[in-house]
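# Descriptive analysis of the structure
What follows is the residue order along each chain.
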Amino acid sequence: MFSFTKRVYYQDTDAGGVVHHSSYIKFLEILRTEWFRSLGFDLIDVRNKFGGIFIVRKINIKYSNFAHLEDLLTMYLEVDAAKKSLIILHARIRVGINVICRANMTLAFYNPESMKIQSLPDEIIKKIMEEF
C-alpha cells in the first residue's frame, strides 16, 4: 500500500474552511502521480518512452466525513488490478483516524495522438505487480 501526506490549504476549501468536494479529485490526482513516481515512472517519461498517457475512465467517491483548513491528510492507494490497458485502484483519505473519503478509480492507457486505448507496457505492469 502506497501512502502520501498533504496539508489542506485555503485553495482547497470553501468559505467556511471545509474542504470542497471537488478538491478531493485533485488530491487523488496528486496521490496517483506520486505513486507512479514511487514506482520510477515520471508521467512525461511514460509518454515519451511508451507513447501513452493515463486517463481516468471512471471514478467513484464516497464522502464520509469532513476535512478542514490546515488538516494533514494521509492518503492511501492500493492496486486492485493491472491488466491489458487498465489499472484499477482503491484510495482512501484520512485525517488522523477518521476516514474522510474512499474512492475507486479506473485508469486507462491511451495513445495521446489517436486518443485510442492501448495496451499497458509490460514494464509498467511488471513494476506495479512487484510493488503490490
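This one's a predicted model, so the numbers in the text were calculated from it and none came from an experiment.

Before going further, it helps to examine the overall build of the protein. Broken down by element type, the protein carries three helices and five strands. Its helices and strands in sequence order give the protein the pattern β-α-α-β-β-β-β-α, from N to C terminus. Relative to the compact-globule value of 14 Å for 132 residues, the protein shows a C-alpha radius of gyration of 16 Å, a close match. For the protein, the spread of C-alpha atoms along the principal axes amounts to about 45 × 30 × 20 Å. If you take every contact in the protein between residues at least 6 apart in sequence, the share linking residues at least 24 apart comes to 66%. In the protein, the 18 positive side-chain charges and the 15 negative ones have mean positions that sit 6 Å from each other.

Note that Asp 71 resides in the loop between strand S2 (53–63) and strand S3 (72–83). From its side chain, Asp 71 meets the backbone nitrogen of His 68 in a polar contact 2.7 Å long. Sequence-distant contacts of Asp 71, defined by excluding residues within four places in its chain, comprise Lys 6, Arg 7, Val 8 and Val 95.

Scanning all chains against the criterion turns up five salt bridges. Between Asp 12 and Lys 6 there is a salt bridge, with the nearest N and O atoms lying 3.1 Å from each other. The pair formed by Asp 12 and Lys 6 is uniform in burial state, with each residue classed as buried. Across the salt bridge formed by Arg 32 and Glu 29, the nearest N and O atoms sit 2.2 Å from each other. Of the two residues, Arg 32 and Glu 29 both sit in helix H1 (residues 23–38), three residues apart, roughly one turn of that helix.

This paragraph deals with the side chain of Arg 92. Looking at where Arg 92 falls in the secondary structure, it is placed in strand S4 (residues 86–95). No salt bridge forms around the buried Arg 92; measuring N to O, its nearest opposite-charge neighbour Glu 78 is 4.2 Å away. Setting aside chain neighbours within four positions, we find Arg 92 in contact with Met 1, Thr 74, Met 75, Tyr 76, Glu 78, Cys 101 and Arg 102.

Quick look at the pairing of S3 now. By the bridge criterion, six bridges tie strand S1 (residues 2–7) to S3 in an arrangement that is antiparallel. Note on S3: the bridge partner recorded for Thr 5 is Thr 74. The pairing of S3 with S4 spans nine bridges and is antiparallel. Across the sheet, the residue bridging to Tyr 76 is Arg 92, located in S4. Adjacent in sequence and paired antiparallel, S3 and S4 are bridged by two residues, among which Lys 84 carries a positive phi angle near 45 degrees.

Attention shifts here to the nonpolar core. By size, the foremost hydrophobic cluster in this structure holds 36 residues, and its most contacted members are Trp 35, Phe 54 and Ile 87. For this core, the secondary structure elements donating two or more residues are H1, helix H2 (43–50), S2, S3, S4, strand S5 (98–110) and helix H3 (122–131). When sequence neighbours within four positions are dropped, the list of residues in contact with Trp 35 reads Phe 2, Leu 77, Val 79, Ile 87, Leu 89, Ile 128 and Phe 132.

Cut-off values and rules
Residues numbered from 1 in each chain as written. Predicted model: local features only at pLDDT ≥ 70, side-chain atom pairs only at ≥ 80, totals over all residues. Heavy atoms only, no water. Helix = DSSP H or I, 4+ residues; strand = E, 2+ residues; numbered from the N terminus. Rg over C-alpha atoms; globule rule 2.2 N^0.38 Å. Contact = heavy atoms within 4.5 Å. Lys, Arg positive; Asp, Glu negative; His and termini not counted. Charge placed at Lys NZ, Arg CZ, Asp CG, Glu CD. Polar contact = N/O pair within 3.5 Å; in protein donor to acceptor, adjacent residues only side chain to side chain. Salt bridge = Lys/Arg side-chain N within 4 Å of Asp/Glu carboxyl O. Buried < 20%, exposed > 50% of the residue type's maximum accessible area, 1.4 Å probe, protein only. Pairing = 2+ DSSP bridges. Core = buried A, V, L, I, M, F, W, Y, C linked by side-chain atoms within 4.5 Å.

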